[in-house]
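The chain contents come next:
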Amino acid sequence: MTLKSVLTGAISSAVIAVALPASAETQLNVMTGGSQNMVEYVTDYLGPLFEEKYPGVKVRVTGTGPGDAGSQKILEKLEAQSAAGKEQWDIDVIVAAQKKTGEMKEKGLLADFRNNIETGKLVTRATAENALGVYVGGYVMPMFHSQTAIAYNPALVPNPPESYDELRAWVEKYPKQFGYNGIKNGMSGVAFVTGWMYTYAGDTKTLQSGPYDPAKKDTWAQAYADLKAFNENVTFTPGNAGTLDMLNRGEIVMGPVWVDMFYSWQGDGRIPPNLKLKLIAPGMPGQPYYYATPAKAANKDLAEKFIELATSPAVQAEGIVNRFNWYPGIDADHVKAALDEEVWTKLFTDVTPLELAQKGKPFPIGPYFDDIKEGYEKQVSN
Amino acid sequence: MSGQSMSVGPGRMGAILLVAPALLMIGFLFVYPFGYSVVSAFTDNGEGSWHIANFTKAIEFYSKDILFTIVIVSLSTVVIGVLAVAIAGYLTLGENPTAVAVLKWLYRWPLFIPFIVSAQLMRTFLAKNGMMNNILTSSGIIEPLAAQSYLDWRGIVITFVWKQTPFVALLVAGAMASIDRTTIDAGRIFGASRLRILIELVVPQIATTLMVGLILSYVVMLSVLSVPLMINAQSPTMLTVDMAWRINSYGDYGVANALGIMSYLFTGVVAWFYLRQSLKDKGA
C-alpha cells in the first residue's frame, strides 16, 4: 500500500466519521467559560441528561478557560461572526462570566429569551437583571452563584481573622503564611483585592452601582499604599488552583479561594478535610455565571429548551448544589425543596446563609472594576 | 541557475509560482497582522488619529516588567550558551565512552517536551514542599526549614534553560563533530588541557552556530506565555503575561500591541545580528 492510498483512506474515513452523525442528529453547540469543572458539568451531567430527554440531539461542549479570558474568547467568536454578516452563528448556548456577558449584551450579541422559558420566573437575585452595571434582564439566566472566602487551616490558626483589619494584623505577626494570587492569575485574587478596596477606598455603594466618576480613582492612593505594604508579608500563589495547592502542601496556612472549588477539592481529597472557610468582614465579592443564547443561534428553540432544563429546580438541586457545590442560580427556595436537608446544610457549613447575605458582595461596575485593577497594576505591582 | 535561464519566461514564471505559496503565507499570517498591530498600537484600536498614548501607558504600567523580561531572557540565553558548550564539548572531547553515550542519550529529552508541560513539571518540582526540596531534605542535604520555593524568577530561568539547552547543544554538538579534528589533536600534542582546547580551539570554530542557536532560543523564550504564567506568581512578570492580561481583562488591544511592538524591537535587535551573520556566511 502506498503512502498516498493510506492517506486518502484515512482522510475519507475521517470525513465519513464527521459527516455521518451530523446528518443523523442535530448538534447543539455549547461554549463554556470557566475552569475544567464547568466543562465536566456539561459533558458528565447536563449533556447526557438533555440528550436523554431529546433523542436525536447531540450536545457538543467546548471549554474556553477560566476568568474573563475564557469569556472574552466567546465574545470574540460571536463578534467575528456578527462582523462577517453571518445569518446563523455556530454557537447555541454560552456560559460566561459576569463582566463579559454584560459586554456581549451591550454589543447586541445576545438574544432576549428569558420570557420564553418556564424557569424564567424562578430567578430573584439582582444579578439576573444587572451584570456589573449593564442591564441584562431577559438576556441571561444565572447558572449558579459562587462566592470567595478565606480558606484556613484550623489546626494552625485556631482563631482566624474576622475582618480585613484583623487579617492585616495577623499577616504582620505571621509573615508569608497568608497567600493569594495577585490579580493576573485568576479571580480569587481579584476578589480579595476588590474586598480590600471596598474596605479601605470608601463609598462601596457607588463602586457597586454607580454612577461612574473617573476622578474617584485618584482618592484611592492610601488604600493601595497599604496594600503594597501588606503584600510585603504575603506569599504569592500561581492561580486559583495554586492557592489550594499551596494550602494542601502546607506552604501557606491561609488564602482566598472560591467556595465551590474548595468544597469540590475537599470532596476529591485534594485538600485536607480539616481545612475551613471564613468570609471576612466587611465582605468579599462573588459572581454568577450566566447561561445565554447568541442573537443568531442556529438552534434557537433547542437552546432555550437546554437552558430551561439547566435552570429547572431538579437540575439546580442535583447538578449545581449536590454535585458541584455551587450556590443555586435560581431562587434558593425552589431548589431547597428538591434537596435533602443534609446536602443543603453541607453547602452552608462554614459560611452561613446569614453571613452570605451580609458579606457576599457583587463585583464593582465595569469601569470602576477596570480602575481598581489598573490602579493595582500601577500603584501596587509596578 | 545561471543568469540566462532566469530571464527566460517559463523559468521565471515557475520560480514565482514556487515562491508564491510561501510568500502568501507570510503575507497573510505575518505581514498583515503585523501591520494591523502596528496601526492598533499607535491609534485607539485602529481608529482616530495617530498618537503614542499606548506606549506611554505601557511604560507607566509595565516598566518593571519590560526590564524584567530583558534580564530574564538574556540571563537564560547566557546560561544556555555555557551549558550547551559544556555538553557538546564533553560529547566531542570526552574520553569515557560510557559517559559520552549516556549523556548523548539523556540530554535531548527536554527537546520533545512542550513548554507548557515543562512549566507544569517545574511547578511540582520546584515548589517549597515540592519534589526537589523533599529529596534534598530527606537525604539530609538541607534542613526542612531552609527549604524555599523556587517558583519565582529563578523558576522561569531554570525552566527556560532546561528546555532550550538541548536545542542549542544539539546544534553545537553537530558543528563540533564536523570541525577539523587535527586542530584538537594539535592542541593535545602541545599539552593543552581539555578545557583549554574547548575554549580556545573548539568554541571559536563553532561560534557562528552557537550564536544562531542562542538567537533562536532568545526569540522563542521572549514569546513564551505559559512558563511565566504558571511559574512566576509574583510581579514583576514577563511581557507576554501583560499582553494577555490587557486583552483578557480590559479588551485593550492598543496597549497590548504597544507591548508587542516592544517585543518586536527586542527580537529585531538580535534578528539583525542573525541576518548580518547569515549574509556574511553566504558571501564567504
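Note that the structure is a prediction, hence the values are computed from the model and not measured.

Conventions used here
- Residues numbered from 1 in each chain as written.
- Chains lettered and ligands numbered in written order.
- Predicted model: local features only at pLDDT ≥ 70, side-chain atom pairs only at ≥ 80, totals over all residues.
- Helix = DSSP H or I, 4+ residues; strand = E, 2+ residues; numbered from the N terminus.
- Rg over C-alpha atoms; globule rule 2.2 N^0.38 Å.
- Buried ≥ 20, exposed ≤ 12 C-beta atoms within 10 Å, placed from the backbone.
- Contact = placed C-beta atoms within 7 Å.
- Nonpolar A, V, L, I, M, F, W, Y, C, P; charged D, E, K, R; others polar.
- Core = buried A, V, L, I, M, F, W, Y, C linked by C-beta atoms within 7 Å.
- Domains from an automatic or database assignment.
- Pairing = 2+ DSSP bridges.
- Axes fitted to C-alpha atoms, helices over the stretch in contact; angles between N-to-C directions.
- Parallel < 35°, antiparallel > 145°, perpendicular 65-115°, else oblique.
- Left-handed = near helix turned anticlockwise from the far one by under 90°.
- UniProt positions renumbered as here; feature names shortened; annotations may be inferred.
- Expected span 1.5 Å × (residues − 1).
- pLDDT = per-residue confidence, 0-100.

Topic: the overall build of chain A
Inference 1: Along its length, chain A carries 16 helices and 13 strands.
Inference 2: Taking 382 residues into account, the globule formula puts the C-alpha radius of gyration at 21 Å, and chain A, at 22 Å, falls close to it.
Inference 3: When the backbone C-alpha atoms are referred to their principal axes, chain A occupies close to 70 × 55 × 45 Å.
Inference 4: Per-residue burial for chain A yields a buried fraction of 52% across its 382 residues.
Inference 5: In chain A, of all internal contacts separated by at least 6 residues, the share reaching a separation of at least 24 is 78%.

Quick notes on the overall build of chain B
Inference 1: Within chain B, the regular secondary structure consists of twelve helices and zero strands.
Inference 2: Mapped in sequence order, the helices and strands of chain B form the string α-α-α-α-α-α-α-α-α-α-α-α.
Inference 3: Over its C-alpha trace chain B gives a radius of gyration of 24 Å, far above what one expects of a compact globule, namely 19 Å for 284 residues.
Inference 4: Principal-axis analysis of the C-alpha atoms gives chain B an extent of 70 × 70 × 30 Å.
Inference 5: Looking at chain B as a whole, 33% of its 284 residues qualify as buried.
Inference 6: Intrachain contacts of chain B at a sequence separation of at least 6 include 74% that bridge at least 24 residues.

Quick look at the interface of chain A and chain B
Inference 1: Taken together, the contact between chain A and chain B spans 21 residues of the former and 23 residues of the latter.
Inference 2: Elements represented by at least two residues in the side of chain A that touches chain B include exactly α3 (67-83) and α16 (366-381) of chain A.
Inference 3: Element by element, the count of residues in the side of chain A that touches chain B is highest for α16(A), at five residues.
Inference 4: Partitioned by chemical class, the residues of the side of chain A that touches chain B number three nonpolar, ten polar and eight charged.

Observations concerning the nonpolar core
Inference 1: Counting 168 residues, the largest nonpolar core has A96(A), A151(A), F262(A), Y291(A), A88(B), V172(B) and L259(B) as its most contacted members.
Inference 2: The dominant element in this core, judged by the number of residues it contributes, is helix α3 (residues 53-93) of chain B, at 13 residues.
Inference 3: Contacts of L259(B), omitting those with residues within four sequence positions, involve A58(B), Y62(B), L239(B), D242(B) and M243(B).

With respect to the domain arrangement of chain B
You'll often see interface size given as the accessible area lost when the parts meet.
All names here are of chain B.
Inference 1: Structurally, chain B comprises domain 1 (1-51) and domain 2 (52-283).
Inference 2: A C-alpha centroid distance of 31 Å is found between domain 1 and domain 2.
Inference 3: In this complex, domain 1 contributes eight residues to the contact, which on the side of domain 2 involves nine residues.
Inference 4: Here the residues of the side of domain 1 that touches domain 2 are counted per class, giving three nonpolar, four polar and one charged.

Re the pairing of strand β11 (residues 284-292) of chain A
Residues and elements named next belong to chain A.
Inference 1: Most of β11 sits out of view: nine of its nine residues are buried.
Inference 2: Along β11, one buried face is formed by M284, G286, P288, Y290 and A292 and the opposite face, lined by P285, Q287, Y289 and Y291, is buried too.
Inference 3: Two elements, strand β3 (residues 93-97) and β11, share four bridges in a ladder whose sense is antiparallel. Bridge assignment links I94 to a residue of β11, and that residue is A292.
Inference 4: When strand β6 (residues 141-152) meets β11, the two strands line up antiparallel, connected through six bridges. Its bridge partner lying in β11, M141 is registered against Y291.
Inference 5: Two strands pair when backbone bridges link them, and β11 and strand β13 (residues 360-361) are joined in this way by two bridges, in the parallel orientation.

Looking at the packing of helix α2 (residues 36-53) of chain A against helix α11 (residues 300-310) of chain A
Residues and elements named next belong to chain A.
Inference 1: The contact between α2 and α11 brings their axes to 11 Å, and the two run at 120°. On the basis of their axis angle, the class for α2 and α11 is oblique. Viewed along their axes, α2 and α11 form a crossing whose handedness is right-handed. Residues L46, L49, F50 and K53 of α2 pack against F306, L309 and A310 of α11.

Considering the UniProt feature "transmembrane region" (unreviewed entry) in chain B
Inference 1: Per the UniProt entry, the sites bearing "transmembrane region" (unreviewed entry) are residues 12-32, 66-93, 105-126, 206-233 and 253-275 of chain B in this numbering.
Inference 2: Secondary structure within residues 206-233 of chain B divides into 82% helix and 0% strand; the distance between the first and last C-alpha atoms comes to 38 Å.

As for the domain arrangement of chain A
All names here are of chain A.
Inference 1: Entries for chain A in the domain assignment read domain 1 (3-145 + 287-347) and domain 2 (146-286 + 352-381).
Inference 2: The distance between the C-alpha centroids of domain 1 and domain 2 comes to 28 Å.
Inference 3: Listed per partner, the contact involves 16 residues of domain 1 and 15 residues of domain 2.
Inference 4: Only α4 (98-106) and β6 provide two or more residues apiece to the side of domain 1 that touches domain 2.
Inference 5: For the side of domain 1 that touches domain 2, the element with the most residues is α4, which contributes three residues.
Inference 6: Residues of the side of domain 1 that touches domain 2, tallied by class, amount to six nonpolar, nine polar and one charged.

Topic: α3(A)
Inference 1: A rise of 1.5 Å per residue sets the reference length of α3(A), with its 17 residues, at 24 Å; its end C-alpha atoms lie 25 Å apart and thus fit the reference within 8%.
Inference 2: On its buried face, α3(A) sits against β1 (26-33), β2 (57-65), β3, α4 and α6 (187-200) of chain A together with α11 (239-250) of chain B.
Inference 3: Downstream of α3(A) by a residue or two, G85(A) has a phi angle that is positive, lying close to 70°.

Remarks on the UniProt feature "domain: ABC transmembrane type-1" (unreviewed entry) in chain B
Inference 1: Sites flagged by UniProt as "domain: ABC transmembrane type-1" (unreviewed entry) map to residues 66-274 of chain B.
Inference 2: Taken end to end, residues 66-274 of chain B is 77% helix and 0% strand, and its first and last C-alpha atoms sit 23 Å apart.

Thoughts on the confidence of the model for chain B
All names here are of chain B.
Inference 1: The pLDDT averaged across chain B works out to 88; a share of 95% of its residues lies at or above 70.
Inference 2: Per-element confidence in chain B ranges from a low mean pLDDT of 47 for helix α1 (residues 3-7) to a high of 94 for helix α7 (residues 153-177).
Inference 3: Across residues 1-6 the pLDDT falls below 50, and counting only partners more than four positions away or on other chains, this stretch makes four contacts in the model.
Inference 4: Interface confidence in the predicted complex, given as ipTM, is 0.73; pTM for the same model is 0.79.

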